[in-house]
Amino acid sequence: MTKRLKHIAPSIIAKNQGELEEKLDRVKDFAKVIHLDVMDGNFVQNESLNFDFILPELPCRVEAHLMVRYPEKWIAKNYRKADLIQVHYETCKSLPKLCKFLKQHKKQVGLVLNPETKVSDVSDKLKYFDQVLVMTVNPGFYGSPFLKENLDKIYEIKQLRKGIEVEVDGGITDKTIKYARDAGADVFVSGSYVMKAENPEEAFNKLQSLLK
Ligand code: DX5
Ligand code: ZN
């Protein structure tokens, strides 16, 4: 079996188009995955990409992490902007329907679990998804404390659905990434560690090197 490559996904929190473009410029030449944090100021206490943003052509996977109360509404209007759409279990009333819609439009779908959500809450839903995103912080901001105990969910998820991609989001640094790697994660979102670094490419390479 070929080993799946492990990726660092820089995350973008932006209040306006200018900030989005400025942050994309920091990472678009080397990132293989870019993680867009969409926040509505309701599901989480912050706003990000909560406007009709425009993306340039990007040569990498673009994922949209929807921290919004009504993901169905966002998706109906914006699904074309991303390759993978990540929906919180805690927000969505009709996951199978939403997955069907996105599949019809050739999009991948990820299921996001907040720290308080257990794998047993979602075990019958995993079959609809291409990926699971395990939150290792309470969502909303760059730089929140890393909640390591959530990493145990990765093993449980992979037991229930062999081979499914699992991504972790929040608090990933050069100190914490080894725990997520050893727990079996495939994709590692990095907000502040990469985006706020003086040299984002160096910070990115440092994290990537710790995955070997
Ligand atoms: C907020 C977002 C995360 C955030 C990660 O919860 O979903 O993607 O950008 O930022 P750090 O890596 O600083 O915790
Ligand atoms: Zn995120």
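Caption draft 1: How the structure looks around the coordination of the zinc ion (ligand 2). Looking at the zinc ion (ligand 2), the protein donor atoms are His-35 (NE2), Asp-37 (OD), His-65 (ND1) and Asp-169 (OD), and they sit 2.2 Å from it. For the zinc ion (ligand 2), the 6 donor atoms in the first shell make angles of 71 to 173° at the metal, a pattern classed as octahedral.

Caption draft 2: Focus on the side chain of Arg-61. You can see Arg-61 is positioned in strand E4 (residues 61-67). One polar contact links Arg-61 to Glu-165, side chain to side chain, over a distance of 2.9 Å. For Arg-61, the residues in contact, after removing those within four places along its chain, are Lys-32, Val-33, Ile-34, Asp-83, Leu-84, Gln-131, Glu-165, Glu-167 and Val-187.

Caption draft 3: Seen up close, the environment of Ala-31. Relative to the helices and strands, Ala-31 resides in the loop between helix H1 (17-27) and strand E2 (33-40). In this structure the C-alpha to C-alpha distance between Ala-31 and Ile-8, which are 23 residues apart in sequence, comes to 7.3 Å. Leaving out residues up to four positions away in the same chain, Ala-31 has contacts with Pro-10, Cys-60 and Phe-204.

Caption draft 4: View of the site of ligand 1. Lining the immediate surroundings of ligand 1 are 21 residues, of which Ser-11, Asp-37, Asp-169, Gly-191 and Ser-192 lie closest. At 2.8 Å, a backbone N or O of Gly-171 approaches an oxygen atom of ligand 1. Notes on ligand 1: free accessible area 390 Å², of which the protein chains cover 100%. Contributing elements (two or more residues each) for the shell around ligand 1: E2, E4 and strand E9 (187-190). Here the shell around ligand 1 takes 3 residues from E2, the largest share from any one element. Counted by class, the shell around ligand 1 contains 9 nonpolar, 10 polar and 2 charged residues.

Caption draft 5: Seen up close, the side chain of Glu-167. With respect to the element layout, Glu-167 can be found in strand E8 (residues 165-169). Reaching out from Glu-167, the side chain makes a polar contact with the side chain of Arg-61 at a distance of 3.4 Å. Within polar-contact distance, the side chain of Glu-167 engages the side chain of Gln-86 at 3.3 Å.

Cut-off values and rules
Residues numbered from 1 in each chain as written. Chains lettered and ligands numbered in written order. Predicted model: local features only at pLDDT ≥ 70, side-chain atom pairs only at ≥ 80, totals over all residues. Heavy atoms only, no water. Donors = N, O, S within 2.8 Å, 3.2 Å for Na, K, Ca; no water. Tetrahedral: all angles 85-135°; square planar, octahedral: opposite > 155°, others 65-115°. Helix = DSSP H or I, 4+ residues; strand = E, 2+ residues; numbered from the N terminus. Polar contact = N/O pair within 3.5 Å; in protein donor to acceptor, adjacent residues only side chain to side chain. Contact = heavy atoms within 4.5 Å. Near = heavy atom within 4 Å. Areas by Shrake-Rupley, 256 points an atom, 1.4 Å probe, with all protein chains shown as cover. Nonpolar A, V, L, I, M, F, W, Y, C, P; charged D, E, K, R; others polar.

Purely geometric numbers; function is a separate question.
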